[in-house]
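A structural walkthrough
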Number of protein chains: 2
Amino acid sequence: MKSTKLSTLLGIEYPIIQGGMVWCSGWKLASAVSNCGGLGVIGSGSMNPELLREHIVKCKKATDKPFAVNIPLIYQHAYDYIPLLLELEVPVVITSAGSPKKFTAQLKEKGVKVGHVVPSAKLAKKCQDAGVDFVVCEGFEAGGHNGLEETTSFCLIPQVARSVSIPFAAAGGIATGAQILASQVLGAQGVQIGTRFACSEESSAHENFKNHIAESCEGNTMLTLKKIVPVRLAKNDFFTQIKSLEEKTQDSYENLSELLGRGRARKGIFEGDLKEGELEYGQISSLVDEVLPVKVIMKQLLEEYEQARIECQQI
Amino acid sequence: MKSTKLSTLLGIEYPIIQGGMVWCSGWKLASAVSNCGGLGVIGSGSMNPELLREHIVKCKKATDKPFAVNIPLIYQHAYDYIPLLLELEVPVVITSAGSPKKFTAQLKEKGVKVGHVVPSAKLAKKCQDAGVDFVVCEGFEAGGHNGLEETTSFCLIPQVARSVSIPFAAAGGIATGAQILASQVLGAQGVQIGTRFACSEESSAHENFKNHIAESCEGNTMLTLKKIVPVRLAKNDFFTQIKSLEEKTQDSYENLSELLGRGRARKGIFEGDLKEGELEYGQISSLVDEVLPVKVIMKQLLEEYEQARIECQQI
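What comes next concerns the included structure. (Residues numbered from 1 in each chain as written. Chains lettered and ligands numbered in written order. Predicted model: local features only at pLDDT ≥ 70, side-chain atom pairs only at ≥ 80, totals over all residues.)

What about the overall build of chain A?
The condition is simple: Numbering goes from the N terminus for both helices and strands, where a helix is a DSSP run of H or I of at least four residues and a strand is a run of E of at least two. Working definition of burial: number of other C-beta atoms within 10 Å of the residue's own, with buried at 20 or more, exposed at 12 or fewer, and partly exposed in between, all C-beta atoms being placed from the backbone. Here contacts are defined at the residue level, using C-beta atoms placed from the backbone and a cut-off of 7 Å between them.
When helices and strands are tallied, chain A shows 14 helices and 11 strands. For chain A, the spread of C-alpha atoms along the principal axes amounts to about 50 × 50 × 35 Å. Considering chain A as a whole, with its 315 residues, one finds that 56% of them fall into the buried category. Counting only contacts in chain A whose residues sit at least 6 apart along the sequence, the fraction spanning at least 24 positions is 64%.

Brief notes about the interface of chain A and chain B
Taken together, the contact between chain A and chain B spans 38 residues of the former and 38 residues of the latter. Elements represented by at least two residues in the side of chain A that touches chain B include exactly α6 (121-129), α7 (153-163), α8 (177-185) and α14 (294-314) of chain A. For the side of chain A that touches chain B, the element with the highest residue contribution is α8 of chain A, accounting for six residues.

What to know about unusual backbone geometry
All names here are of chain A. The phi torsion at E89 lies on the positive side, around 50°, for a residue other than glycine. Mapping E89 onto the fold places it in the loop between α4 (78-87) and β4 (92-96). Since 11 C-beta atoms lie within 10 Å of it, E89 is described here as exposed. Not every positive phi belongs to a glycine, and E150 is a case in point at roughly 60°. Looking at where E150 falls in the secondary structure, it is placed in the loop between β7 (144-145) and α7. A tally of 24 C-beta atoms within 10 Å means that E150 is categorised as buried.

Overview of helix α6 (residues 121-129) of chain B
All names here are of chain B. Counted only if it meets this: Throughout, the arc means that of the directions going from the helix axis to the C-beta atoms.
Every buried residue belonging to α6 is among A121, L123, A124 and C127, and all of these are buried. Looking straight down α6, one finds its buried side chains confined to an arc of 160°; they lie on one side. Among the structural elements, β5 (113-118), β6 (134-138), α7 (153-163) and β8 (168-171) are those in contact with the buried residues of α6. Positive backbone phi, at 90°, marks G131, one or two positions downstream of α6.

What about the relation of the copies chain A and chain B?
Our working rule: Residues below a pLDDT of 70 in either copy are left out; the C-alpha atoms of the rest, at least 70 in both, set the least-squares superposition of the copies.
Superposition record for chain A on chain B: RMSD 0.0 Å, screw rotation 180°, translation along axis 0.0 Å. Both copies are brought into coincidence by an operation consistent with a two-fold rotation axis. It is A182 of chain A whose C-alpha, among those of chain A, lies nearest the rotation axis, at 2.3 Å. Both copies share a contact surface, since 100% of the interface residues of chain A are interface residues in chain B too.

Description of the sheet that holds strand β8 (residues 168-171) of chain A
Two pairing modes exist for strands in a sheet, parallel and antiparallel, and in both the strands are linked by backbone hydrogen bonds. Residues and elements named next belong to chain A. Where we set the bar: Should DSSP find at least two bridges between two strands, the strands are taken to pair. Angles here are taken between N-to-C directions and fall from 0 to 180 degrees, while the axes themselves are lines fitted to C-alpha atoms, restricted in helices to the stretch in contact.
With respect to topology, eight strands assemble into an open sheet ordered β1-β9-β8-β6-β5-β4-β3-β2, the strand pairing being parallel. Strands at the two margins of the open sheet, each flanked by one partner only, are β1 (16-18) and β2 (40-43). Here the strands of the sheet are splayed against their neighbours by 25° on average, with no regard to which way each runs. Bridge count for strand β5 (residues 113-118) against strand β6 (residues 134-138) is four bridges, and the pairing is parallel. By the bridge assignment, H116 is partnered in β6 with V135.

Some remarks on the sheet that holds β7 of chain A
All names here are of chain A. The antiparallel open sheet is built from three strands, whose spatial order is β7-β11-β10. Bordering the open sheet on either side are β7 and β10 (221-224), each of which pairs with just one other strand. In this structure, β10 lies alongside strand β11 (residues 231-234), joined through four bridges in antiparallel fashion. Residue pairing in the sheet places T221 in a bridge with A234 of β11.

Describing the pairing of β2 of chain A
Residue and element names in this part refer to chain A. Neither face of β2 is open: one carries G40 and I42, the other V41 and G43, and all of them are buried. As paired strands, β2 and strand β3 (residues 67-72) are joined by four bridges and run parallel to one another. Bridging from a neighbouring strand, I42 pairs with V69 of β3.

Spatial relationships are all this shows, so hold off on functional conclusions.
Okay, structure coming up:
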């Protein structure tokens, strides 16, 4: 897999970013991906500042390669993170779920590379205008939080390619080497992979959650909660409770917010309660069949990619 | 663009199928696509048997190349069509929205090639088991009627590739040559293109509808009516009326059925009422910028495809 504008920008060997995922991507997963030549990402969404500090320090001990921290700007601690990231000299920061104008200048001034996650070409352009170094465009098929316009990777990638000149990674629905090549054919300079890494040995998710992904079938997830924050979830008991409350309370979301506010993502992903927990993963889970070490996943991705390249030359 | 298992099966030069679309794809569009080396498809959904006969006869006069008729099995006339198609020796029939077991054996017995449109790998496998010659797998981003599981092309194509050995075309979100190559990289042997051909000079849609597609932006469509039959529509006044009725009538769909039963697709697509009509087109409409003759569209698709192949070799 050759270097691209994105891998060169980030100083990594392969243009593969591991998605920052709540309760999955701590220092173990991030450092393992970085050590294999991708960009490991610590997902700060499930961490308080003290815990994030601990993960960054451990990650830096475990790898001398570039890694990133993902910061969803809607979370309460987002503002507290910035001085911490600067103090600990985190080389790459990926912001999401907020304005790309918020912290970009401040971070770039200190030499940090800044990426932002977007669900549309329009927002990708705004990121470029705000001085962001690269964007991650995330399609409707992605797990977890999602855009309002429901644009899929097949439609989103070429539109982002047409709209910006900064490098960008495609995310959403990508779990194989052939899909990395297809993303590049559509104009991306790399990819972000979530679900396949959530299902790695180094992921801090509960064993039950990983096995659940490995066994999941086509049609196992659905975008829901569209009137609050759209999020892609597995269709388990908790999902059914959400749907039922959504139908009952057309205009008031108090009950729903109460249901959601009970640490359900932790319960599902970290504690392994597959019935009552919130299970966030992507539509491509049906192509992820095994829990494997990151080293093996990266090796398979590269092999699948080479195979797809060879086959593409024969098309 | 080289031949594939799909183009060989269908006896066409390029593995490009034009989607059968209500009020868009009559004999003019179908014969134009077939004459350019693709598979033109007459969409029977908006025709009674007499009108369909007229279109088939005219199509046969306008081209000596293979063409197809698409039959949505939920429409009232579906049963009346079969003897007509056999009498007029239509070479390819593509069924959709019903069981692939219904007419496949009867059609194949007379030498007709049979395809079926599917939204999932599971149904693709059922088609193969039912003796269908090829499938068209249609992702969530496609215009018009859509699957319940909302699987996107990026996720659907590799799953269908893994599930069946018969040739298949990818549909949904495909309007450029690079997207044809990406579909092949993901495992498809060809594509079905709807929206870009709906926006051709030969399309029988109203000029207003075609110009509307050419001007449409990212996020212009949304999948709706999920509790009746999911359908992707432009967000116009009619769409807003549907959404409003859906929210009001949680359990009863009488008002909604009445609203839908008023020939709104004809009004929007064929008569060009952009406010009160039902406008069915795909999410990829934002990449379709011009109303062009089929000959130019096909030429551009081939050029874009070649360009993407060259670029792919340099990735």
